[in-house]
Amino acid sequence: MVTVLSGRTKAGGETGPADPRRRRNTPVLVGFTAVTNLADGVVKMALPVLAAGLTGSPTEVTAVSLTLTLPWLLVALHVGVLVDPFDRRKLLWIANGARLAATGLLTASATGGDLTLGALLAAGAVLGVADVLASTSASALVPAAVPAERREGANAWTVGAETVGQEFAGPFVGGLLLAAGTGLALGATSVAYALSALSLVLLVGRFRAPAPAPDAVAVPVNARIAEGMRFLWRDRVLRTLSLIVAVLAAVWGAWLALMPLYARQDMALGPREYGIVLSALGVGGLAGAVVVTRVNRLLGARWAMFADLVGTALMVALPALTTDIRAVAAGAFLGGMGGTLWTVNARTLTQRVVPDEMLGRYSAAARLFSFGAMPLGAALVGLLAEWGGARFAFGVFALAVVVTPVPFFRNVTPSALRAFRAD
């Protein structure tokens, strides 16, 4: 890694001398992440549930979930090119503006009594694109906002906030709000997006990569995308982690897409009980954020990340075996906890080696494997459930996770992780 000398930029995006006001950046980022992901959790819980109330087709219900994640497959790489040269805080404001517009139109449709499946699909697509822009921008902003020595803690808290917001508080609050009224549930998300956008004013620092030299040759968009992909693919550890994440993300996409209908038809759960099952993901994610530093010290990052493989396998295996809400919620808890242990360590490791001018493209390329796989999982699980039933579909995805430890232990070796830390 390049160090800071006389105020020059290093790979992590920091500049010197350090501004003491930057200490508040971590709580601001955590607060922004918590509120935004709370709204995301309500939306991601509400839209499939609303779709299940309009249609009984697993394919149509999962299609709504698909719109929320499909943009990661379609536009992520181009968004990464956009993020690298631009102010990442301004891009976050643009993303939240799009979220406000989509949830506002849905609220108007719901309160007017003319909510349709088409409206849900359109709003889901806008929210999905906004999520790509916001997530890529926020990930690229962190190294410039938080010093390297505090990044593991900052990553733990932001990942915990993401998981708690989307998988715990968001679904729980979403269930309560949906029970009170669809318009109230959707309107509350608009307020949350507005408040989180306002909080970004408190950030201190410069949140864009250094400008290129005046005589620099302009690089075409596709060539810049290729640079990010090559950076990821040429490193054996980064490549292996990305491919494994693709499998895990497909499993998560399948679980989240099918669970609303499975909970309604097979488990006979109402919105509140379904919210409790989803909330178990967030409880596990929060537990992972609390213990990740201690687990890393006791076991090391490698075994902490392996725990996610076990947790994700159980998350889909248990609903394949039983409709007991306690068992399904326990699997969700383990999946959420493992997901946080993986994400915190993966972010901290990659932030050490990815230069600031590559952060947008690298983050987009890496998330193409993860979030891009989620709609594929959502689409496949719908087809499998139509053909063989929900339990069969969950079982297929559980088997997919079982094979991931082989490439993980073969390529993510202790020596390779030590080399990451020494960079």
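Parameters at a glance
- Residues numbered from 1 in each chain as written.
- Predicted model: local features only at pLDDT ≥ 70, side-chain atom pairs only at ≥ 80, totals over all residues.
- Heavy atoms only, no water.
- Patch = residues over 30% accessible without salt bridge, like charges linked within 9 Å, V, L, I, M, F, W, Y side chains within 5 Å.
- Areas by Shrake-Rupley, 256 points an atom, 1.4 Å probe, with all protein chains shown as cover.
- Salt bridge = Lys/Arg side-chain N within 4 Å of Asp/Glu carboxyl O.
- Helix = DSSP H or I, 4+ residues; strand = E, 2+ residues; numbered from the N terminus.
- pLDDT = per-residue confidence, 0-100.
- Contact = heavy atoms within 4.5 Å.
- Buried < 20%, exposed > 50% of the residue type's maximum accessible area, 1.4 Å probe, protein only.
- Core = buried A, V, L, I, M, F, W, Y, C linked by side-chain atoms within 4.5 Å.

**Quick notes on a nonpolar patch on the surface**
At step 1: Side chains of Val-35, Val-191, Leu-195 and Leu-198 sit close together on the surface and give an oily, nonpolar patch of about 370 Å² of accessible area.
At step 2: With three residues, helix 7 (residues 182-199) is the single largest residue contributor to the nonpolar patch.
At step 3: Relative to the assigned elements, Leu-198 resides in helix 7.

**Regarding the confidence of the model for the protein**
Any residue range with low pLDDT should be treated as having predicted coordinates unsuitable for detailed reading.
At step 1: Taken residue by residue, the protein gives an average pLDDT of 82. The fraction at 70 or more is 90%.
At step 2: Counted against residues more than four places away or in other chains, residues 1-17, with its pLDDT under 50, gives 38 contacts.

**As for the pattern of salt bridges**
A pair can form between side chains of opposite charge whenever their charged atoms are brought close.
At step 1: Counting across every chain of the model gives six salt bridges.
At step 2: Salt-bridge contacts for Asp-131 lead to Arg-99; the nearest nitrogen and oxygen are separated by 3.6 Å. With a gap of 32 residues between them, Asp-131 in helix 5 (residues 117-145) and Arg-99 in helix 4 (residues 88-111) connect regions that are remote in the sequence. Comparing Asp-131 with Arg-99, the two get one shared label, buried.
At step 3: Sharing partners across several salt bridges, the network here consists of Asp-84, Arg-88, Glu-227 and Arg-361.

**Brief notes about the nonpolar core**
At step 1: In terms of nonpolar packing, the biggest core is built from 111 residues, with Leu-47, Leu-120, Trp-255, Met-259, Trp-342, Phe-394 and Phe-408 touching the most fellow members.
At step 2: Setting aside residues no more than four positions away along its own chain, Phe-394 makes contact with Trp-255, Leu-258, Met-259, Tyr-262, Val-316, Pro-319 and Ala-320.
At step 3: Formed by five residues, the second largest nonpolar core is a distinct cluster that contains Ala-156, Val-292, Leu-341 and Val-344.

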